[in-house]
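Now for the letters of each chain:
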Amino acid sequence: MHTRRLEWIIERALFVCAALSVLTTAGIILVLAVETFEFLREVPVAEFLTGTEWTPLFATPRFGVLPLVAGTLLVSAIAMVVALPMGLLSAIYLSEYAPDGVRRIVKPVLEVLAGVPTVVYGYFALMFVTPLLQRVFPQMSGFNALSPGIVMGIMILPLVSSLSEDAMRAVPRGLREGAYALGATRMQTALQIVVPAAFSGITAAFILAVSRAVGETMIVAIAAGQQPRLTANPFVPLETMTAYIVQVSLGDTPQGTLEYRTIFAVGMLLFLMTFGLNLVSTWLRERFREVYS
Amino acid sequence: MKHRADALFRTVALGTLLLALAALGALVYDIVSGGIGRLNWQFLTSMASRRPEDAGIYHALAGSIWVIVLTGALALPLGVAAAVYLEEYGGRSRVARLIEINIANLAAVPSIIYGLLGLGVFVRVMGMGRSVLAGACTLALLALPVVILSTREALRTVPGSIREGSYALGATKWQTIWYQVLPMALPGILTGLILSLSRAIGETAPLITIGALTYIPFAPDGPWSPFTVLPIQIFNWVSRPQAAFKENAAAGILVLMALLLLMNLIAVFLRDRFQRQGRT
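Thresholds applied
- Residues numbered from 1 in each chain as written.
- Chains lettered and ligands numbered in written order.
- Predicted model: local features only at pLDDT ≥ 70, side-chain atom pairs only at ≥ 80, totals over all residues.
- Core = buried A, V, L, I, M, F, W, Y, C linked by C-beta atoms within 7 Å.
- Buried ≥ 20, exposed ≤ 12 C-beta atoms within 10 Å, placed from the backbone.
- Helix = DSSP H or I, 4+ residues; strand = E, 2+ residues; numbered from the N terminus.
- Contact = placed C-beta atoms within 7 Å.
- Axes fitted to C-alpha atoms, helices over the stretch in contact; angles between N-to-C directions.
- Parallel < 35°, antiparallel > 145°, perpendicular 65-115°, else oblique.
- Left-handed = near helix turned anticlockwise from the far one by under 90°.
- Domains from an automatic or database assignment.
- Nonpolar A, V, L, I, M, F, W, Y, C, P; charged D, E, K, R; others polar.
- Expected span 1.5 Å × (residues − 1).
- Bend = angle between axes of the 7 residues up to and from the residue.

*Asks:* Please clarify how the nonpolar core should be interpreted in this entry.
*Replies:* Residue and element names in this part refer to chain A. The biggest cluster of nonpolar side chains holds 188 residues, and the ones touching the most others in it are Y123, V160 and A209. Residue contributions to this core peak at 18 residues, all from helix 3 (residues 66-97). Setting aside residues up to four positions removed in sequence, V160 forms contacts with A83, L84, G87, L88, A205, F206 and A209.

Written out as structure tokens, the structure is:
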């Protein structure tokens, strides 16, 4: 009897620990929602979501979030232009061409690339990539979207590559052998058989990569500048949603003020964007699993 | 013709891969050449200073170690307990499935959002202030999904026959887990923990968001002390216009990378050692 009760207590305690993760999600949503609600009582939703000026720290504050969203999307788009083709090509090479020995060496090195702290990438973007790019584009400012975008792409590349490779390696061998038997080359097999068969897994990897780029903070906080600007020009300083949160956190804006609440409102928007992307990615991967299991 | 296309494609694919590796090489070269000249005993043992040549990394290194040890102390029991529940008890129940989906989603939430959570809950509601403890709690929540996932993997490697043997000898479920399953899974669990901590130690954004200070000329002396960490100190130095501070930043990065390397070596060593014990 005594043992049985103890067993029951232990099981309950373990359950509480597991449920802590649900509490974390609830906590995130609650904290963001409460402060965003307070913020939206003073700033109309329409002004927040469609305004084209973001100057919350000025004497006449304007709370249009679009410049921050545009900055985030521009840097993320540049990162994707680097990470998607390079990640996919690396994955094709590793999955379809590379001998085992090469794969055993290259994969851990790519993991190192994924494990480098983001503040280090920020330093790399500001001190190495920007000066290099300025030689090619002399009109480029010291802070810009291009350099952090490229570096972010390099940072995300291992994620795209390893998830895409997993998806491609899950494609049954028989499909490849069928293609070879019909006289297809490795390239034809890779591009016309393996990639289409692994398409939903690869798409899931791409979407997860976009989500990672949107939420990435330190690279842009260091190398993109702190000027909210509605622009598609990759050579001028701008500010992303994440960099704005960092900027306010570093300053001495008093807690409880409207300016202070902006970081939670921006955070809420960021959370909803990444959460939506993650859900789509998970859904795609689940669907993908059904096909070959 | 089509074989030439194939050869060309292969070269392009290999070229992209090499380009990615070259980027890593450039990164390492840039940091080593930028910081190695600044790395000396004075740099390791000095505190923050307004003069770049007097500034050091000691306070930030101490802060990072304080935060990461506390983070591990919080994340290990919570993560292992959650993983044991999901793997050994939860089964296929609806609630367990819900928790699983939730953990997978949490793993993909941007780290800066965890910073806002920590600011709202630990710093303000729970009144921890901008302390080492608040930072560790925030990073522990951030590390938990990875600790849980790697612990579950480790638990899954323990063969079912071990559990059945234990039950046959009259052990209860918890006795089986505590005396048989967990010791066998320990190397995997510890490796996963250290790897997740090595990610947490490089985190900057969530700690800036909870209000860890960027300028602090002393090392923390307890869980309630204000603090800074290596990545925040590096960020602070990078953000200053003077070249001398940039050099400090590169040297700081070298210290951070050395710490990361050390943690990874410990993980490899632990796995190796426990595996050998398990065999004898």
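*Asks:* Just to check I follow, could you spell out the packing of helix 7 (residues 173-181) of chain A against helix 8 (residues 186-197) of chain A for this structure?
*Replies:* In helix packing, the relevant descriptors are the interaxial angle and the interaxial distance, both defined with respect to the helix axes. Residue and element names in this part refer to chain A. Helix 8 packs onto helix 7 with a crossing angle of 150° between their chain directions and a minimal axis gap of 10 Å. One way to sum up the angle between helix 7 and helix 8 is to call them roughly antiparallel. In this structure, the crossing between helix 7 and helix 8 has a hand that is right-handed. Taking contact as the criterion, the partners of L175, R176, A179 and Y180 in helix 7 are, on helix 8, Q188, T189, I193, V194 and A197.

*Asks:* Honestly, the domain arrangement of chain A in this entry has me stumped. Any pointers?
*Replies:* By convention, interface size is frequently given as the accessible area that disappears when the constituent parts associate. All names here are of chain A. As assigned here, chain A comprises domain 1 (2-42) and domain 2 (66-292). Averaged C-alpha coordinates put domain 1 and domain 2 at centres separated by 31 Å. On the side of domain 2, eight residues touch domain 1, which itself brings eight residues to the contact. When the residues that make up the side of domain 1 that touches domain 2 are grouped by side-chain class, the tally is four nonpolar, one polar and three charged.

*Asks:* Before we go on, may I ask you to explain helix 3 (residues 58-90) of chain B in this structure?
*Replies:* Count 3.6 residues to each turn of an α-helix, and residues three or four apart come out pointing the same way. All names here are of chain B. Over its 33 residues, helix 3 extends 45 Å from the first C-alpha to the last, a length consistent with the 48 Å expected when each residue adds 1.5 Å. Along helix 3, the sharpest kink reaches roughly 25°, centred on A75 and followed within four residues by the proline P77. Of the residues one or two after helix 3, G91 is the one with positive phi, at around 60°.

*Asks:* What's the story with the packing of helix 3 of chain A against helix 6 (residues 146-169) of chain A in this structure? I'm lost.
*Replies:* All names here are of chain A. Interaxial distance between helix 3 and helix 6 falls to 6 Å at its minimum, and their mutual angle equals 35°. Crossing angle aside, the handedness with which helix 3 passes helix 6 is right-handed. Split by residue class, the contact of helix 3 with helix 6 holds 21 nonpolar, seven polar and two charged.

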